[in-house]
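Fold and contact review
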Amino acid sequence: MNARKGGAGPTDHKAITIGARTVMVPVHTGTAKTSPFEATGPGLDGSAMLLRDGVLVASIKYPRQARFYALQTFDGIPYWKIAQLHSSDVLATTVLQNCIRYADRATSCQFCAIGQSLAENRTIAHKTPEHLGEVARAAMLLDGVKHVVLTTGTPNVIDRGAAVLCESARGIRAAVDLAIQGQCEPPRDHGWFQKLRDAGIDTLGMHLEAVTPEIRARIMPGKATVPVERYFDAFESAIHVFGWGQVSTYILAGLGDTAAAILETCERLVTSGVYPFVVPFVPVSGTPLANHPPPSPEFMREILPKIGRMVSRAGLRSADIKAGCGKCGACSALASYEA
Ligand code: SF4
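All values reported here derive from a predicted model rather than from experimental measurement. (Residues numbered from 1 in each chain as written. Predicted model: local features only at pLDDT ≥ 70, side-chain atom pairs only at ≥ 80, totals over all residues. Heavy atoms only, no water.)

Counting its secondary structure elements, the chain contains ten helices and twelve strands. The C-alpha radius of gyration of the chain comes to 19 Å, within 12% of the 20 Å expected for a compact globule of 339 residues. Counting only C-alpha atoms and orienting by the principal axes, one finds that the chain spans roughly 55 × 50 × 40 Å. Expressed as a percentage of its 339 residues, the buried residues of the chain come to 55%. In the chain, the proportion of contacts linking residues at least 24 apart, taken out of those at least 6 apart, comes to 68%. (Helix = DSSP H or I, 4+ residues; strand = E, 2+ residues; numbered from the N terminus. Rg over C-alpha atoms; globule rule 2.2 N^0.38 Å. Buried < 20%, exposed > 50% of the residue type's maximum accessible area, 1.4 Å probe, protein only. Contact = heavy atoms within 4.5 Å.)

Next up on the list: the packing of aromatic side chains. Tallied over the full model, the rule gives four aromatic pairs. On the basis of an interplanar angle of 80° and a centroid distance of 5.2 Å, the ring pair of Tyr250 and Phe277 is categorised as edge-to-face. One end of the pair, Tyr250, is in strand β11 (residues 247-253); the other, Phe277, is in strand β12 (residues 274-280), and 27 residues separate them in sequence. With a relative accessible area of 12%, Tyr250 lands in the buried category. (Phe/Tyr/Trp six-rings, centres within 6.5 Å; stacked < 30°, edge-to-face > 60°.)

Strand order in this open sheet of seven strands is β6-β7-β8-β9-β10-β11-β12, and the pairing throughout is mixed. Of all strands in the sheet, those bounded by a partner on one side alone are β6 (84-86) and β12. Across the sheet, the mean angle from the axis of one strand to that of its neighbour is 25°, orientation sign disregarded. Judged from the two bridges that link them, strand β10 (residues 203-205) and β11 form a sheet pairing that is parallel. Following the sheet pairing, Gly205 is matched in β11 by Ser248. In the packing of helix α7 (residues 228-242) onto the sheet, the strands contacted are β10, β11 and β12, and the crossing angle to β11 comes to about 135°. Each of β11 and β12 touches helix α8 (residues 259-271); the most contacted strand, β12, lies at about 150° to it. (Pairing = 2+ DSSP bridges. Axes fitted to C-alpha atoms, helices over the stretch in contact; angles between N-to-C directions.)

With that out of the way, let us pick up the pairing of strand β7 (residues 90-94). Most of β7 is tucked away, with five of its five residues classed as buried. Where β6 meets β7, three bridges bridge the pair, whose relative direction is antiparallel. Along β7, the bridge assignment pairs Leu85 with Leu91. Connecting β6 to the next strand, β7, in antiparallel fashion are three residues, including Ser87 with a positive phi near 50°. As paired elements, β7 and strand β8 (residues 147-151) share five bridges and run parallel to each other. Paired with Leu91 across the strands is Val148, a residue of β8.

This part covers the confidence of the model for the chain. Summary statistics for the chain give a mean pLDDT of 92 and a share of 96% for residues scoring 70 or more. Every residue in residues 1-8 is under pLDDT 50, and counting partners more than four places away or in other chains gives 28 contacts. (pLDDT = per-residue confidence, 0-100.)

Turning our attention to unusual backbone geometry. Its identity is not glycine, yet Arg160 carries a phi of approximately 55°, on the positive side. With respect to the secondary-structure elements, Arg160 resides in the loop between β8 and α4 (162-175). Of the residues examined, Arg160 reaches a relative accessible area of 9% and is grouped as buried. If you check the backbone angles, Glu209 has positive phi at about 70° while not being a glycine.

What follows is the structure in structure tokens.
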């Protein structure tokens, strides 16, 4: 089995396919160890059995190891250190593995592990446009990758990552025709949105993570200096450039926001044309929130059907998103609740 350990995005997870849907399942976390679910190792065709308390509940499949992982650049960097296969058909990478917010654990996002994989030599600090183009081409040709997620640590408080996303997208677009999602904090100057679009970024994610100001200040003291209202200003400008439903935000359920607060924010987001990608928080080993409990299944069952109805009503469908997490959907069951 190949599982991701540490890093940004769905860390400590393993991709499994149940029926037609591939989901990212946390397997290295403390709570995973007490889960009633257990999976057998894969057979020769990648299939396995999912058991609950020892009783067979489903047949599952493990997506095979990406073929592009076996390659390396001319200067000897393994492709898997440059980008990773997420779910079954998404190429994802953190283009800049450093973040001004991470340097001091007092101001860093308490759930984030961006520095861990770098410290453990499982990635490189900066993926150049040439690296990204080379790996994207291999991932498309060898593994049928359909879209790309580019995220970044925040390098400064001016463009907040938009500039490095532009050069990265250009590198990929010079090599292949794959739809790209960029993810960064709202840049100060909204002129960056057009530059991102012109560089080849199709969809943009600007992630609130938590929605209540006090919770944001506690969980991510640095990032919370960019207030929720500033995100909404940025969403409004970005929608004009990327289009209805092609701007999204991540909300991590389980960090302390109430169901009412999440639902209220989602209502406001969908009214603005922003897809609210609400995912259950998964504690990542080695971070300050490693022992923070994930949300209960009841909490997710309370909010996801309502958000599913909201996005459908607003004409925002996961399937219509050109690229990125909302399209992939492996980290949340939200798309299953869309009409
Ligand atoms: S939803 Fe996003 S972070 Fe999760 S597996 Fe898909 S691309 Fe990766």
